[in-house]
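Fold and geometry: a report
Chain by chain, the residues:
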Amino acid sequence: MQSNGQRRTTSSGNKNRHVRYDRILAVLVVLILLIVLLVKCCSSCASSGNDKEGKVTTATTAVTQEPATEDYSNVVYLSPSNQTDNLFDVGDTNEAEVCRILAQKTAAILEQSGLTVMIADENASIQEKTAMGNNNLAAYVAIHTNAGVGVGTDCYYNSSSEASQRLAQAVYDPVAQLTPTDDRGLFDGAQSGSDSYVYEIGENQSPCCLIEVEFHDGPNVATWILNNEDNIAMAIATGICNYLQLPAPTGSAGTVTTVSGEDTVSSAVTTSLNAVQDQLSEGN
């Protein structure tokens, strides 16, 4: 009885030990599975992190590659009149055609002085041209000829801008000195509702002015304008250079010369002016 009991005890002990190994094995399997899952999770997280980092880098690169805002701070913008219905008294031409020629000749002289010049497209509306003033231009100069009862040159400026008034004075002075009649001075073109209000000036954010080069509807002065396009362009270019504190232009378009930094008119032009004044006096 006792020996059988011992055998039973021994047999029971071996069975218990066998069960414990199974449990240890099961635990090891579970641990291995957990380790595998953790490794997979870490790999997935790393991959996800790399993807996010790649997206950020791509986005940053995209922003970097966007074109920078164009800088117009060194640009002179010329806005010739587009009034094709304002006919010259002589020459079978009109204000828009003549003022575009003046703008092109002025631009050529300024470019010889190293300036960057833009001329408004002939189909641009007054709103589109004026909107260029939102770009912090170096100078915005509108070029016109006048009409109505009168003679002489005048120039319009924006009274809210001291730079606009300086530009207007700088452009007006050499043009007024060149023209053959008594000139009319500067006018504030920014006072809405007034007779002198000019949209192109009043709504302009850059240093700006509008020069009215004489009256085109009188035969004597209209003829003078057509005969002196080079000289007028030189006078306008000289005024712009004076405003920008640059040396006076030395281009070949015209006979305006410079003495001690101030504009003078050559003797040939003076003779032409005297002749026009005589004609005007005879007309009166």
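The paragraphs below set out a description of the structure included in this document. In this text, all values refer to a predicted model and were calculated from it rather than measured experimentally.

1. Details of the overall build of the chain
Summing up its helical and strand segments, the chain has eight helices and eight strands in all. Taking all 284 residues of the chain together, the buried fraction comes to 39%. Within the chain, counting contacts between residues at least 6 apart in sequence, those at least 24 apart form 75% of the total. Summing over all exposed atoms, the chain offers an accessible surface of approximately 15,900 Å²; the carbon and sulfur share of this is 52%.

2. Here we look at the nonpolar core
Counting 42 residues, the largest nonpolar core has Ile211 and Ile236 as its most contacted members. Looking at this core, the elements that each hand over two or more residues are strand S1 (75–80), helix H2 (95–112), strand S3 (139–146), strand S4 (154–157), helix H4 (162–178), strand S6 (208–215), helix H6 (219–227) and helix H7 (229–243). Those residues in contact with Ile236 that lie beyond four places of it in its chain are Thr106, Val141, Ile143, Val171, Val175 and Ile211. Tyr72, Met132, Leu137 and Ala142 belong to the second-largest nonpolar core, a separate cluster that totals 13 residues.

3. Section: the pairing of S6
In terms of burial, S6 is a largely internal element, eight of the eight residues being buried. Pairing between S3 and S6: six bridges, direction parallel. The residue bridging Asn146 from the neighbouring strand is Phe215, located in S6. Bridge analysis of S4 against S6 gives four bridges, and the strand direction is antiparallel.

4. Observations concerning unusual backbone geometry
Of note in the backbone geometry, Asp92 takes a positive phi value of approximately 50° without being a glycine. Mapped onto the fold, Asp92 is located in the loop between S1 and H2. Here Asn136, not a glycine, exhibits a phi torsion of approximately 55°, which is positive. Among the structural elements, Asn136 can be located in the loop between helix H3 (126–131) and S3. Under the relative-accessibility criterion, Asn136 is labelled exposed at 54%.

5. Digging into the pairing of S4
Burial of S4 is two-sided: the residues Asp154 and Tyr156 facing one way and the residues Cys155 and Tyr157 facing the other way are all buried. Judged from the four bridges that link them, S4 and strand S5 (residues 185–188) form a sheet pairing that is parallel. Opposite Cys155, over in S5, you have Leu186 as the bridge partner.

6. A short note on H4
Helix length check: H4 (17 residues) gives 25 Å between terminal C-alpha atoms against 24 Å at 1.5 Å per residue, within 8%. Maximal helix bending in H4 amounts to about 25°, located at Tyr172; proline Pro174 follows within four positions. Buried within H4 are the following residues: Ala163, Ser164, Leu167, Ala168, Ala170, Val171, Tyr172, Pro174, Val175, Ala176 and Leu178.

7. Some details on the state of the cysteines
Counted according to the given criterion, the structure contains zero disulfides. Counting only cysteine sulfurs, Cys209 is the nearest neighbor of Cys208, a cysteine outside any disulfide, at a range of 7.3 Å.

8. Let's talk about the sheet that holds S6
The mixed open sheet is built from six strands, whose spatial order is S2-S1-S3-S6-S4-S5. Bordering the open sheet on either side are strand S2 (116–119) and S5, each of which pairs with just one other strand. Direction aside, neighbouring strands of the sheet carry axes that sit 25° apart on average. Sheet topology places S1 next to S2; four bridges connect them, and they run parallel. Paired with Leu78 across the two strands is Ile119, which belongs to S2. Contacting S1, S2 and S3, H2 runs over the sheet at an angle of about 145° to S3. Along the sheet, H6 makes contact with S3 and S6, crossing S6 at roughly 120°.

Conventions used here
Residues numbered from 1 in each chain as written. Predicted model: local features only at pLDDT ≥ 70, side-chain atom pairs only at ≥ 80, totals over all residues. Heavy atoms only, no water. Helix = DSSP H or I, 4+ residues; strand = E, 2+ residues; numbered from the N terminus. Buried < 20%, exposed > 50% of the residue type's maximum accessible area, 1.4 Å probe, protein only. Contact = heavy atoms within 4.5 Å. Areas by Shrake-Rupley, 256 points an atom, 1.4 Å probe, with all protein chains shown as cover. Core = buried A, V, L, I, M, F, W, Y, C linked by side-chain atoms within 4.5 Å. Pairing = 2+ DSSP bridges. Expected span 1.5 Å × (residues − 1). Bend = angle between axes of the 7 residues up to and from the residue. Disulfide = S-S within 2.5 Å. Axes fitted to C-alpha atoms, helices over the stretch in contact; angles between N-to-C directions.

This is a description of form; function is not addressed.
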